[in-house]
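Observations on chain architecture
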Amino acid sequence: FSLCLLFGLSSSSFSHWSKCVLGFFPIVYYSVLLCVGVPVNILTAVALSRLAVRTKKALYVYLLALTGSDILSQLFIIFVGFLLEIPIPGDTVAEFAANHASIWCTVLLTVDRYVALCHPLLHRQISYPAWARRIITVVFLLALLSGVPFFWWSDLWRVADPPTSLDSALIWTHVTIIYFLPCSIFLVLNSLIVIRLRERQRQAPCQEECGGGAARHAPRRQLGKSTAMLLAITSVFAVLWAPRTVVVVYHLYVSSVNRDWRVHLAYDLSNMLAMLNTAVNFFLYCFVSKPFRAAVRDVLLLRGAQLNHRRTLRHQHAPANTSLSSLSSGMNKRSHQDSTNPTPLPPRRAVGIVSP
């Protein structure tokens, strides 16, 4: 099978197989990536779903949507497009739609972290799971609609003619949606987030001198970890998708992939790097987030649901136990006081015989 094509598989091009510069290496690479990436993403989805239910935070809902879109990208692009190469109608639309959804879920995550750090009052009003699910639904619908024009995406491997005006429009739309516009948003919002964190670090000594600094350490550490996770996700995306964007634009204006083997090779390698982005988030989450590591450990040991149920019951019974203990302690104190300081009995009346 030919695994050189990442996007733009059309039914008319399946009768002509393109020559892959790397030979069978892409087959091995994408097979390993699929066998490792899909189980890892499923494990990530289960762990994030438990964290979302447990904490009721919109952050984990956005991460769960990002993981789901990565799974769709692996199934449509790697499995159907590469390993099977089955001419399914609308497969190109599904590939681009899954790709767009994955990237713009990362944009949603960036916006959520920006609002949480720079506008905390607004974040408390709009950051809850139901609102996050609505936004994610809208993003997935827009991603599906944005993939429809790419039904006419040309096969870069097999088309020897120079790119047409339609090809130029589709290529520029593609690189704008998947790279230039998201990376611009990442750059602006991440810069504002870093500036805000530095301002908080400068204000931290003053707040500790005034008192109450210890109570703010835990929320500050939590915001720092979530911000570090965001910066890691966006930085890895920008690095892994940059080569493919450059090669596609180079193909459009300088030399065609079909005519120059060096551009062909560069396009192969850039596609491999881009698809690697669908399987690395699990390791980033494990490296940054301690709650995620604990959730993964609970899933692997099949004990997460039981522990969560016990914790919930423990928190539910805590007030009752507190009241009972206070009541029993009060009764014990009262009995102790009664034994040490007995209350004097009132004097008895003398009972005499009344003469008639």
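Since the model is a prediction, treat every value here as computed from it, not as a measurement. (Residues numbered from 1 in each chain as written. Predicted model: local features only at pLDDT ≥ 70, side-chain atom pairs only at ≥ 80, totals over all residues. Heavy atoms only, no water.)

1. Things to note about the overall build of the protein chain
A tally of helices and strands in the protein chain yields eleven helices and zero strands. If you list the helices and strands of the protein chain from N to C, you get α-α-α-α-α-α-α-α-α-α-α. Put simply, the protein chain has 356 residues, and 42% of those count as buried. Looking at the protein chain alone, contacts between residues at least 24 apart form 82% of all its contacts between residues at least 6 apart. (Helix = DSSP H or I, 4+ residues; strand = E, 2+ residues; numbered from the N terminus. Buried < 20%, exposed > 50% of the residue type's maximum accessible area, 1.4 Å probe, protein only. Contact = heavy atoms within 4.5 Å.)

2. Description of a nonpolar patch on the surface
Taken together, L72, L75, F76, F79, L84, I86 and I88 make up a surface patch of nonpolar side chains, about 520 Å² in accessible area. Tracing the sequence through the fold places L84 in helix α2 (residues 58-84). Accessibility expressed as a relative area gives 33% for L84, which makes it partly exposed. (Patch = residues over 30% accessible without salt bridge, like charges linked within 9 Å, V, L, I, M, F, W, Y side chains within 5 Å. Areas by Shrake-Rupley, 256 points an atom, 1.4 Å probe, with all protein chains shown as cover. Salt bridge = Lys/Arg side-chain N within 4 Å of Asp/Glu carboxyl O.)

3. Focus on a positive patch on the surface
Taken together, K225, K290, R293 and R297 make up a surface patch of like positive charges. Of all the elements, helix α10 (residues 290-300) adds the most residues to the positive patch, at three residues. (Lys, Arg positive; Asp, Glu negative; His and termini not counted. Charge placed at Lys NZ, Arg CZ, Asp CG, Glu CD.)

4. Points about the UniProt feature "transmembrane region" (unreviewed entry) in the protein chain
Taken from the UniProt record, the annotation "transmembrane region" (unreviewed entry) applies to residues 28-48, 60-84, 96-115, 135-152, 172-195, 230-253 and 265-288. Measuring from the first to the last C-alpha atom of residues 60-84 gives 33 Å, for a span that is 100% helix and 0% strand. A helix fraction of 72% and a strand fraction of 0% characterise residues 135-152, whose end C-alpha atoms lie 29 Å from each other. (UniProt positions renumbered as here; feature names shortened; annotations may be inferred.)

5. Considering the pattern of salt bridges
Counting across every chain of the model gives two salt bridges. For R113, the salt bridge identified is with D112, shortest N-O distance 2.9 Å. Each member of the pair, R113 together with D112, is buried. With a closest N to O distance of 3.4 Å, R196 and E199 form a salt bridge. A residue pair is termed a helical-turn pair when its members lie 3 or 4 positions apart in one helix, as R196 and E199 do in helix α6 (residues 165-210) at three residues.

6. Regarding the nonpolar core
A general feature of soluble globular proteins is that nonpolar side chains tend to end up buried together. Ranked by size, the top nonpolar core spans 37 residues in total, and within it L63, I233, Y285 and F292 carry the most contacts. For this core, the elements supplying multiple residues, two or more each, are α1 (25-55), α2, α3 (91-118), α5 (129-147), α6, α7 (217-253), α9 (281-288) and α10. When residues of this core are assigned to their parent elements, the largest contribution, eight residues, is made by α2. Filtering out sequence-adjacent residues up to four positions away, Y285 remains in contact with T44, L48, L63, L66, T67, M229, I233 and F292. (Core = buried A, V, L, I, M, F, W, Y, C linked by side-chain atoms within 4.5 Å.)

7. What to know about empty space enclosed by the protein
For the coordinates displayed, the defined rule picks out four cavities of 30 Å³ or more. Among the secondary structure elements, those contributing two or more residues to the lining of the largest cavity are α2, α3, α7 and α8 (261-276). With four residues, α3 is the single largest residue contributor to the lining of the largest cavity. Looking at the lining of the largest cavity residue by residue, the classes come out as eight nonpolar, seven polar and one charged. (1 Å grid on protein atoms, 1.4 Å probe; cavity = no way out; pocket = protein on both sides within 12 Å on 5 of 7 lines; lining within 4 Å. Points joined across faces, edges and corners; volume = space filled by probe spheres on them. Nonpolar A, V, L, I, M, F, W, Y, C, P; charged D, E, K, R; others polar.)

8. Some remarks on α9
Among the eight residues of α9, six are classified as buried, and the element is accordingly described as predominantly covered. Taken together, the buried positions of α9 are N281, F282, L284, Y285, C286 and V288.

9. Section: the packing of aromatic side chains
Using the criterion set out here, one finds 15 aromatic pairs in the structure. Between F96 and F150, the ring centres sit 4.4 Å apart and the planes meet at 10°, which makes this aromatic pair stacked. Of this pair, F96 sits in helix α3 while F150 sits in the loop between α5 and α6, placing them 54 residues apart in sequence. Note on F150: relative accessible area 1%, which makes it buried. With 6.3 Å between their ring centres and 55° between their planes, W172 and Y253 make a pair best called tilted. On the criterion of sequence distance, the pair formed by W172 in helix α6 and Y253 in helix α7 is long-range, its members being 81 residues apart. With a relative accessible area of 34%, W172 lands in the partly exposed category. Judged by its relative accessible area of 56%, Y253 falls in the exposed class. (Phe/Tyr/Trp six-rings, centres within 6.5 Å; stacked < 30°, edge-to-face > 60°.)

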